[in-house]
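Summary of structural features
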Amino acid sequence: MADDSKPDGSTVQVLQDVANRLRIHSIRATCASSSGHPTSCCSAAEIMAVLFFHTMKYKRTDPEHPDNDRFILSKRLSFVDVATGSLGQGLGAACGMAYTGKYFDKASYRVFCLLGDGESSEGSVWEALAFASHYSLDNLVAVFDVNRLGQSGVTPLEHCTDVYQNRCEAFGWNTYLVDGHDVGALCQAFWRAAQVKSKPTAIVAKTFKGRGIPIIENAEDWHGKPVPKERVDAIIKLIESQIQTNRNLTPKPPVEDSPPVNVRNVKMTCLPDYVAGDRVATRKACGLALAKLGHANERVIVLAGDTKISTFSEIFSEEHPERFIECFIAEQNMVSVALGCATRGRTIAFVSTFAAFLTRAFDQIRMGAISQTNINFIGSHCGVSTGEDGPSQMALEDLAMFRSIPNCTVFYPSDAISTEYAVYLAANTKGMCFIRTSQPETTVIYTPQENFEIGQAKVIRQSVNDKVTVIGAGVTLHEALAAADSLSQQGISIRVIDPFTIKPLDAANIISNAKATGGQVITVEDHYREGGIGEAVCTAVSREPDILVHQLAVSEVPQCGKPSELLDKFGISARHIIAAVKNTLMN
């Protein structure tokens, strides 16, 4: 590699001039909009100038080129690949991009992530530091812009850059301290980082917030505030006086060695291998389906959080070990890594863990929606049917969480066959998807040839004499079928619907069946009442005054016990469905 560690004096001056022009742009833009973060922009100006006009390799005319070096601005603004305005998430996404570049693409592109010192208080930053070190991501460079000031005051470490260095080194990172306003020192640090093998590199840059702006530089109470308009002209004139050249620098072209990839139209290679009457937990069927999907497309990857034995993602890890990413017990970072892996359409990413544990990564998930990413989440151990594992493991809020995410498809399969179809549909669906799976074994009720589509419910049981429509999913669909059998023996006929997807919900199908059964609907779900199936159905029929919805859901914090006992205790078993049907008919 050519020695670019010490640029000549002319290049140094051009880079310093670029930094000052960036300052001027940030001051003008934030003043014009009366909003923004010019002080944060000014502290990072030299870092950005060196990265984009000296260090990084990319095609300016093609910002999404697969061989371009990647840049993640994790300071309070969004960039091209991922949205990182919610602080502490950028480095995790950078880890995903670097992991993809090193282990999947096996390409030359590098990944640079600029972090603010304030956001380094977020635990997710240190989860990412641990991940990058564990996987020897030597194509990753994290730049800490240590400007001393946060939003409401000084940062915990202020300008103690040696403490940042010690912490990064303790996490296994190669680390350099630099003057963040010395473009020559920055060029040398980035060059040295490119020589390092088997370790990621952290560059700890001491900077000053509001650099170059008199009175405002290194002063508190200027975060997120534009420069006063009456001072703008004088400040810009002062900065312009320091610019000595009109030269432009052309970025180096990337090394074009990324493999072509195809992540579209993944086909099911063969029909599901189950027959009616088999008893299989949907969590296991999901693990088997993932392994099968991995054979259909070599860009399918699975990320897990030390739960692969319980979620059966271990089947994928055994059959495709090179495409399984163990993220350990760090769910926030796991989601950010998946986001990075999925950018630019480089992988088909599935995140697999207990559904309850995904709630702690809700911020990362919602930022994934803002990034318009394609990530598929699989949440197992949902509801009280998780049983003896206890309430901390029982997801009872997950449907509400994922239903609230824009453009997120929510699958709730009820047997092994519908689970396998859900996995394939998710792999081919734009946007985020969530597949909710259960721990107990349930009976296979569909044939392998059954056609499943997003937004299309299945009427499992019906007759012309049906008096009530019952809607259940997962374990509660089987409770509804058991209730239907018992009621049939008593001369009462009910219609049973499997929604398959909770979002989008098949509203037209539900409304037509509800009307055919006298307008009486009972929803039953292994989830809290708020935000689950019942509320989705109520919303769907809200303009139908002749349809009444009665909701059976978990109404209190659960406890340990056998699944069947807990379903009954919390009012969502077949016995309670029978009682609800009879009560509805009496009233």
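What counts and how
Residues numbered from 1 in each chain as written. Predicted model: local features only at pLDDT ≥ 70, side-chain atom pairs only at ≥ 80, totals over all residues. Heavy atoms only, no water. Core = buried A, V, L, I, M, F, W, Y, C linked by side-chain atoms within 4.5 Å. Buried < 20%, exposed > 50% of the residue type's maximum accessible area, 1.4 Å probe, protein only. Helix = DSSP H or I, 4+ residues; strand = E, 2+ residues; numbered from the N terminus. Contact = heavy atoms within 4.5 Å. 1 Å grid on protein atoms, 1.4 Å probe; cavity = no way out; pocket = protein on both sides within 12 Å on 5 of 7 lines; lining within 4 Å. Points joined across faces, edges and corners; volume = space filled by probe spheres on them. Nonpolar A, V, L, I, M, F, W, Y, C, P; charged D, E, K, R; others polar. Arc of directions from axis to C-beta. Pairing = 2+ DSSP bridges. Axes fitted to C-alpha atoms, helices over the stretch in contact; angles between N-to-C directions. Salt bridge = Lys/Arg side-chain N within 4 Å of Asp/Glu carboxyl O. Phe/Tyr/Trp six-rings, centres within 6.5 Å; stacked < 30°, edge-to-face > 60°. Lys NZ or Arg CZ within 6 Å of the ring centre and 35° of its normal. Right-handed = clockwise from strand over helix to strand, strands pointing away.

Take the nonpolar core next. Membership of the largest hydrophobic core comes to 79 residues, with the highest contact counts inside it found for Leu91, Leu140, Leu303 and Phe377. The element best represented in this core is helix H4 (residues 90-104), accounting for eight residues. Residues in contact with Phe377, not counting those within four places in the same chain, are Val335, Val351, Leu358, Ile365, Phe402, Met432, Cys433, Phe434 and Ile435. Core analysis: the next-biggest nonpolar cluster, separate from the first, contains 32 residues, Val50, Met56, Leu73 and Tyr176 among them.

With that settled, consider the layout of surface pockets. Volume-wise, the largest pocket comes out at about 970 Å³. Contributing elements (two or more residues each) for the lining of the largest pocket: helix H12 (331-342), strand E9 (348-354), strand E10 (375-380) and helix H16 (416-427). The class makeup of the residues in the lining of the largest pocket is 20 nonpolar, 14 polar and six charged.

All of the buried residues in helix H6 (residues 161-170) are Thr161, Tyr164, Gln165 and Cys168. Here the buried residues of H6 occupy an arc of 100 degrees about the axis, which is enough to place them on one side. The inward-facing, buried residues of H6 abut strand E3 (140-146), strand E4 (174-179) and strand E5 (201-206). Within two residues after H6, Gly172 carries a phi angle of roughly 90 degrees, on the positive side.

This part takes up the sheet that holds strand E16 (residues 494-498). The pairing of strands in a sheet happens through backbone hydrogen bonds and is either parallel or antiparallel. The strand order across the open sheet built from five strands is E14-E16-E15-E18-E19, with neighbouring strands paired in mixed fashion. Edge positions in the sheet fall to strand E14 (458-461) and strand E19 (548-554), since each has one partner strand and no second. Taking the axes of each pair of neighbouring strands and ignoring which way they run, one obtains an average angle of 25 degrees across the sheet. Looking at chain direction, strand E18 (residues 520-528) and E19 are connected through six bridges and run parallel. Of the residues in E19, the one forming a bridge with Tyr528 is Val554.

Before going further, it helps to spend a moment on the sheet that holds E4. Taken in spatial order, the five strands make up an open sheet running E1-E2-E3-E5-E4, and their pairing is parallel. Looking at the sheet topology across the chains shown, the edges are occupied by strand E1 (70-74) and E4. For this sheet, the mean angle separating the axes of adjacent strands, direction not counted, is 20 degrees. Along the sheet, H4 contacts E1, strand E2 (111-116) and E3; its crossing angle with E2, the most-contacted strand, is approximately 175 degrees. Most of the contacts of H6 go to E4, to which it runs at about 165 degrees, and overall it touches E3, E4 and E5.

Attention shifts here to the pattern of salt bridges. What the rule picks out here adds up to 20 salt bridges. A salt bridge links Glu256 to Lys59; the nearest nitrogen and oxygen atoms lie 2.8 Å apart. Here the residue Glu256 occupies a position in the loop between helix H8 (229-240) and strand E6 (279-281), and Lys59 occupies one in the loop between helix H3 (45-55) and E1, the gap between them amounting to 197 residues. A relative accessible area of 28% places Lys59 in the partly exposed class.

When you line up the elements, Ser336 lands in helix H12. Judged by relative accessible area, Ser336 falls into the buried class, the value being 3%. Look past the residues within four positions of Ser336 in its chain and what remains in contact with it is Gln89, Gly92, Ala93 and Gln364.

It is worth spelling out the environment of Thr155 at this point. Within the element layout of this structure, Thr155 appears in the loop between E3 and H6. Of the residues examined, Thr155 reaches a relative accessible area of 4% and is grouped as buried. Each C-alpha atom, one on Thr155 and one on Gly118, is 5.7 Å from the other, the two residues being 37 residues apart in sequence. Residue contacts for Thr155: discarding those within four places in its chain leaves Asp117, Gly118, Arg148, Leu149, Gly150 and Tyr164.

With that settled, the discussion passes to the packing of aromatic side chains. Enumeration according to the criterion identifies 17 aromatic pairs in this entry. Both rings, one in Phe52 and one in Tyr58, keep their centres 5.8 Å apart while their planes meet at 75 degrees; by these two values the pair is edge-to-face. The burial state of Phe52 is the same as that of Tyr58; both residues are buried. Seen from their ring centres, Tyr99 and Phe131 are 6.1 Å apart, and the 45 degrees between their planes marks the pair as tilted. With Tyr99 in helix H4 and Phe131 in helix H5 (residues 123-134), this residue pair connects regions lying 32 residues apart in the sequence. With a relative accessible area of 6%, Tyr99 lands in the buried category. Classification of Phe131 by relative accessible area gives buried; the value is 4%. Three or more aromatic residues joined by ring pairs form one cluster here, namely Tyr99, Tyr103, Phe104, Phe131 and Tyr135. Above the plane of the ring of Phe452 lies Lys458, whose end atom (NZ or CZ) is 4.9 Å from the centre. Seen from the ring of Phe570, Lys569 lies directly overhead, with NZ or CZ sitting 5.7 Å from the centre.

As for its placement among the helices and strands, Ala342 is situated in helix H12. Judged by its relative accessible area of 9%, Ala342 is buried. Ala342 sits 140 residues away from Ala202 along the chain, and the two C-alpha atoms are 24 Å apart. Here Ala342 is in contact with Thr347, Ala349, Thr373, Asn374 and Ile375, once residues within four sequence places are set aside.

What follows is about the pairing of strand E15 (residues 468-472). With five of its five residues buried, E15 lies for the most part within the structure. Here E15 shows no split at all, with Val468, Val470 and Gly472 on one side and Thr469 and Ile471 on the other all buried. Here four bridges tie E15 to E16, and the two strands are oriented parallel to one another. Each residue of the ladder has a partner; that of Ile471, found in E16, is Ile497. In this fold, E15 hands off to helix H17 (residues 475-489), which returns the chain to E16; that crossover is right-handed. Pairing of E15 with E18 involves four bridges; the strand directions are parallel. Each bridged residue has a counterpart across the sheet, and for Gly472 the counterpart in E18 is Val524.

So yeah, pure geometry; function would need other evidence.
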